[in-house]
Amino acid sequence: MRFKSAVLVTAIACTTSWTVHGQVLTQRSVSLQLARTIADAALAACTKDGFDVTAAVVDRAGDVVLVLRSDRANPHNAELARRKAYTSRTFNITSLEFRNRTAGASEFAGQRQLVDVIPLGGGVPIRVGTEIIGGLGLSGSPMQEADEKCALAGLAAAASQLK
């Protein structure tokens, strides 16, 4: 009798689907509205300084949320801005910091070989507290430091939304 019960329990177990209860992740990311606020402010800061730039915002996954191009920005600026945003989001540092950290014979130099990563200034991570939710990249000013300055101005414009 014991054997028959064991066989029956085994048969039921094999035909019954078991649900493993996992953890549901809740993650914050950049909305289109937030991306517009940040990108508009960044473009305005660069326009004020006399630079025609392109701004790109990526979400926490590194996917493009928004690309805004000044009327006279160069065609290649959109791709550079996107890659700067992606680099900042990926490494959670400015792309200028990434450039400096991976320069020369640095132990991190190999990171420059990753697809879509670029060691040029102008990208900044977008954070809510310490949580990274995206990245902003600017391209088109004559100096990478100027791109970063405008990007930081974009973040400052949305500071109240990033708390």
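In this text, all values refer to a predicted model and were calculated from it rather than measured experimentally.

Let's talk about the state of the cysteines
If you walk through the whole model with that rule in mind, you get one disulfide. Each disulfide pairs two cysteine sulfurs, and for Cys46 the partner residue is Cys150, the sulfurs being separated by 2.1 Å. Looking down the S-S bond of the Cys46 and Cys150 bridge, the torsion is 115°, so its handedness is right-handed. With Cys46 in helix H2 (residues 32-48) and Cys150 in helix H5 (residues 144-157), this residue pair connects regions lying 104 residues apart in the sequence.

Some points on the packing of aromatic side chains
For the structure shown, the criterion picks out one aromatic pair. When the centroid spacing of 4.7 Å and the interplanar angle of 25° are considered together, the rings of Phe91 and Phe98 count as stacked. For the pair Phe91 and Phe98, a shared accessibility class is recorded, and that class is buried. A cation over a ring is seen here: Arg101 above Phe108, with NZ or CZ 4.6 Å from the ring centre.

What to know about unusual backbone geometry
Although it is not a glycine, Asn92 sits at a positive phi angle of roughly 60°. Looking at the secondary structure, you find Asn92 in the loop between helix H3 (77-91) and helix H4 (95-101). Given a relative accessible area of 29%, Asn92 falls into the partly exposed group. Although it is not a glycine, Asp116 sits at a positive phi angle of roughly 75°. Turning to its location among the elements, Asp116 is positioned in the loop between H4 and strand S3 (123-128). Look at Asp116 and you get partly exposed, because its relative accessible area is 27%.

The rules behind these values
- Residues numbered from 1 in each chain as written.
- Predicted model: local features only at pLDDT ≥ 70, side-chain atom pairs only at ≥ 80, totals over all residues.
- Heavy atoms only, no water.
- Disulfide = S-S within 2.5 Å.
- Helix = DSSP H or I, 4+ residues; strand = E, 2+ residues; numbered from the N terminus.
- Phe/Tyr/Trp six-rings, centres within 6.5 Å; stacked < 30°, edge-to-face > 60°.
- Buried < 20%, exposed > 50% of the residue type's maximum accessible area, 1.4 Å probe, protein only.
- Lys NZ or Arg CZ within 6 Å of the ring centre and 35° of its normal.

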